[in-house]
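Chain and residue survey
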Amino acid sequence: MRPSARPVVAALAVAAALLTACAPADDTEAGGDTTPSTSTSSSPTADACAKESLQTTTPGTLTIATDKPVFEPWFVDDKPENGQGFEGAVAQAVATKLGFDASEVTWTRVPFNNVFKPTPKNWDFDINEFSITERRKQALDFSSPYYDVSQAVVTVKGSRAAKAKSLADLKDLSIGAQVGTTSFASIKDVIAPSKAPRVYNSNKDVVTALNNGQIDALVTDLPTAFFMSAVQLDNGVIVGQLPASGTPEQFGLVLEKDSPLTDCVSKAVDSLRAAGTLDELKDKWLAQAAGAPVLQ
């Protein structure tokens, strides 16, 4: 699952499982799931999703959470409230679909792994590159997916990873990722290096480790890989994408387990997808996969 630059649980046992296991170790499967974990099996009616019917944390206000700091291309200037960056824009579009204008939206900051803890949620949904996994769905609800994601390997010129052309070329290298992310799980499950992967509290820490030569490469989602290689790293290089296996990994908005908002938030995401809005935002904010070959 991250220095900032400008351009670009609900049982305790479940929580423990999540936090010892993958944007930050949550060692969960990386496959996505297009079916959200919802609080009701019936589809929401129009009236149920009317703004005045929504049971938000603060009546009349939609509270959205994300990490701090957040980086491009997901957000811009570490200011999620400005509606810029892909996730900033998606959150704003969902809020609008739910009937909330900008003055009725409040942002709060929650560290990535804290979302999985068995504590009361003081927010309505969290957007922070959360991959939808079956294990996570035991503790939290997810909306319909808003983005299909690939994982990528990033290094710097002159490192041992820079000339890698295959997964086998990465086997004997030291590779790192942020704690609690599917990126970390992908190192173990897809690359399966001979050395235990290194885990860090944030992507910022992973970048620092790579710049300092403490690791040979890092793994992150592809859009973030483009940003890291171009802005955050000294002579950054994208080695390539990790191959997909099974169901594509997908990002979803996170809600409290059995949240009364899950169905309506999913309906908003589905509407944005059907209207082509999600594709438009992806084209505007996210770098494309050109120049990032799939490693086999």
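Residues numbered from 1 in each chain as written. Predicted model: local features only at pLDDT ≥ 70, side-chain atom pairs only at ≥ 80, totals over all residues. Heavy atoms only, no water.

1. Some remarks on the overall build of the protein chain
The number of helices and strands found in the protein chain is seven helices and 10 strands. With 296 residues in all, the protein chain has 55% of them scored as buried. (Helix = DSSP H or I, 4+ residues; strand = E, 2+ residues; numbered from the N terminus. Buried < 20%, exposed > 50% of the residue type's maximum accessible area, 1.4 Å probe, protein only.)

2. Details of the sheet that holds strand β9 (residues 236-241)
Here we have five strands laid out as an open sheet, ordered β7-β6-β8-β5-β9, and mixed in their pairing. Of all the strands in the sheet, just β7 (198-200) and β9 have a single pairing partner and so form its edges. Between one strand axis and the next, the sheet turns by 30 degrees as a mean value, whatever way the strands run. In this sheet, strand β8 (residues 217-221) lies alongside strand β5 (residues 151-156) in antiparallel orientation, the contact comprising four bridges. Pairing of alanine 152 across the sheet is with threonine 220, part of β8. Docked against the sheet, helix α3 (residues 182-191) engages β5, β6 (175-178), β7 and β8, running at close to 150 degrees with respect to β6. Where helix α4 (residues 203-211) meets the sheet, it contacts β5, β6, β7 and β8, and its direction lies at approximately 150 degrees from that of β8. (Pairing = 2+ DSSP bridges. Axes fitted to C-alpha atoms, helices over the stretch in contact; angles between N-to-C directions. Contact = heavy atoms within 4.5 Å.)

3. Some details on the nonpolar core
Membership of the largest hydrophobic core comes to 35 residues, with the highest contact counts inside it found for Val94, Leu98, Phe125, Ile127 and Tyr146. If you list the elements that add at least two residues to this core, you get β1 (62-66), α2 (86-97), β2 (105-109), β4 (140-149), β10 (249-256), α6 (262-274) and α7 (277-285). In terms of residues, this core owes the most to one element, α2, which gives seven residues. By size, the runner-up hydrophobic cluster in this structure holds 17 residues, among which are Val206, Val207, Leu222 and Leu233. (Core = buried A, V, L, I, M, F, W, Y, C linked by side-chain atoms within 4.5 Å.)

4. Side note on the environment of leucine 140
Locating leucine 140 in the fold gives a position in strand β4. Expressed as a C-alpha distance, the spacing of leucine 140 and serine 259, which sit 119 residues apart in the sequence, is 8.7 Å.

5. Quick look at the state of the cysteines
One pass over the structure, following the stated rule, counts one disulfide. Covalent S-S linkage joins cysteine 49 and cysteine 264, the inter-sulfur distance amounting to 2.1 Å. Because the sign of the S-S torsion sets the handedness, a value of about -90 degrees for the bond joining cysteine 49 and cysteine 264 places this disulfide among the left-handed ones. One end of the pair, cysteine 49, is in the loop between α1 (12-20) and β1; the other, cysteine 264, is in helix α6, and 215 residues separate them in sequence. A relative accessible area of 12% means that cysteine 49 is categorised as buried. Using a relative accessible area of 6% as the deciding quantity, one classes cysteine 264 as buried. (Disulfide = S-S within 2.5 Å.)

6. Remarks on the environment of valine 156
Structurally, valine 156 can be placed in strand β5. Along the chain, valine 156 and leucine 233 lie 77 residues apart, while their C-alpha atoms are 7.2 Å from each other. Those residues in contact with valine 156 that lie beyond four places of it in its chain are Ala162, Leu210, Asn211, Leu233, Asp234, Asn235, Gly236 and Val237.

7. Thoughts on the pairing of β8
On any regular strand, side chains alternate: one points to one face of the sheet, the next to the other face. Burial analysis of β8 places five of its five residues in the buried class, the great majority of the element. Judged from the two bridges that link them, β6 and β8 form a sheet pairing that is parallel. Note on β8: the bridge partner recorded for isoleucine 175 is alanine 217.

8. Some words on the packing of aromatic side chains
Enumeration according to the criterion identifies 11 aromatic pairs in this entry. Ring geometry for phenylalanine 116 versus phenylalanine 130: centroids 5.9 Å apart, planes at 80 degrees, classification edge-to-face. Of this pair, phenylalanine 116 sits in the loop between β2 and β3 (125-126) while phenylalanine 130 sits in the loop between β3 and β4, placing them 14 residues apart in sequence. What makes phenylalanine 130 buried here is its relative accessible area of 0%. An aromatic cluster of at least three residues, connected via ring pairs, comprises Trp74, Phe86, Tyr146, Tyr147 and Phe251. (Phe/Tyr/Trp six-rings, centres within 6.5 Å; stacked < 30°, edge-to-face > 60°.)

9. Some remarks on the packing of α4 against helix α5 (residues 222-232)
Between α4 and α5, the shortest axis-to-axis distance is 12 Å and the interhelical angle comes to 50 degrees. Here α5 runs oblique to α4, going by the angle between their axes. In terms of crossing hand, the pair formed by α4 and α5 is right-handed. Residues Asn203, Val207 and Asn211 of α4 pack against Thr224, Met228 and Gln232 of α5. Looking at the contact of α4 with α5 residue by residue, the classes come out as two nonpolar, four polar and no charged. (Parallel < 35°, antiparallel > 145°, perpendicular 65-115°, else oblique. Left-handed = near helix turned anticlockwise from the far one by under 90°. Nonpolar A, V, L, I, M, F, W, Y, C, P; charged D, E, K, R; others polar.)

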